[in-house]
Amino acid sequence: MNKIAILGGGNIGRAIALALLNIGEKNPEDIYITRRNPEILDDLKDKGILTGSDNAEAVKKSDIIILTVRPKQLPDLVSEIKESVIPEKHIVGSVITAFSISEIEEEFGFPVKLVRIMPNTAIAIGESMTCLAAKT
């Protein structure tokens, strides 16, 4: 089963984690969510979801990476994780607005399997219409 790292435990990151858990798509130990202050994620930790603040560690323990930080945080986040991203292994999803697929790829500095994910917070209860886009 693919393990998922959600990098950014704000509203949308939390909503995605809860959706994956609540609809039975993932076991809690298959989800790793990060935030600078991980104690804010204690309610998710109590459900068995892995939590922490080390984004590179989360990437190393995952197959799918979902970027859910604010746009201004993207360059620093990519800088922090890019040495841990294995292009042949990882799929990177991004909900970050203001950055195109090509711009996110430029931040990495190498080709990655990248998908734009455009959910809304109703995803937490499995009621979101989520659009996906990728380069072909």
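As the structure is a computational prediction, the values presented were derived from the model and not from experiment.

A. Inspection of the packing of aromatic side chains at higher detail. In total, this model carries 1 aromatic pair according to the counting rule given. On the basis of an interplanar angle of 65° and a centroid distance of 5.8 Å, the ring pair of Phe108 and Phe110 is categorised as edge-to-face. Overall, Phe108 belongs to the buried group, its relative accessible area being 2%. Given a relative accessible area of 23%, Phe110 falls into the partly exposed group.

B. Examining the side chain of Thr34 more closely. Here Thr34 shows up in strand β2 (residues 31–34). Beyond its immediate stretch of four places on either side in the chain, Thr34 contacts Ile6, Leu7, Gly8, Gly9, Leu41, Gly52, Ser53, Asp54, Asn55 and Ala58.

C. Spatial organisation of the sheet that holds strand β7 (residues 131–134). Strand order in this open sheet of 7 strands is β3-β2-β1-β4-β5-β6-β7, and the pairing throughout is mixed. Looking at the sheet topology across the chains shown, the edges are occupied by β3 (50–52) and β7. Direction aside, neighbouring strands of the sheet carry axes that sit 20° apart on average. Judged from the 4 bridges that link them, strand β6 (residues 113–118) and β7 form a sheet pairing that is antiparallel. Bridge assignment links Val115 to a residue of β7, and that residue is Ala134. Against the sheet, helix α1 (residues 11–22) makes contact with β1 (4–7), β2 and β4 (64–67), and its axis sits at roughly 165° relative to β2, the strand it touches most. Sheet strands in contact with helix α5 (residues 101–108) are β5 (91–94), β6 and β7, and its direction is about 135° off that of β6.

D. View of the nonpolar core. Core analysis: the largest hydrophobic core is formed by 21 residues, its most contacted members being Leu7, Leu67, Ile81 and Phe108. Within the residue set of this core, elements represented by two or more residues are β1, α3 (55–60), β4, α4 (74–81) and α5. Top contributing element to this core by residue count: α4, with 4 residues. Sequence-distant contacts of Phe108, that is, excluding residues within four places in its chain, are made with Val78, Ile81, Lys82, Val85 and Val92.

E. A look at the environment of Asn120. Take Asn120: it is sitting in the loop between β6 and β7. Between the C-alpha atoms of Asn120 and Ile16, which are 104 residues apart in sequence, the distance is 9.3 Å. The contacts of Asn120, once residues within four sequence positions are left out, are Ile12, Ser128 and Met129.

What counts, and where the lines are drawn
- Residues numbered from 1 in each chain as written.
- Predicted model: local features only at pLDDT ≥ 70, side-chain atom pairs only at ≥ 80, totals over all residues.
- Heavy atoms only, no water.
- Phe/Tyr/Trp six-rings, centres within 6.5 Å; stacked < 30°, edge-to-face > 60°.
- Buried < 20%, exposed > 50% of the residue type's maximum accessible area, 1.4 Å probe, protein only.
- Helix = DSSP H or I, 4+ residues; strand = E, 2+ residues; numbered from the N terminus.
- Contact = heavy atoms within 4.5 Å.
- Pairing = 2+ DSSP bridges.
- Axes fitted to C-alpha atoms, helices over the stretch in contact; angles between N-to-C directions.
- Core = buried A, V, L, I, M, F, W, Y, C linked by side-chain atoms within 4.5 Å.

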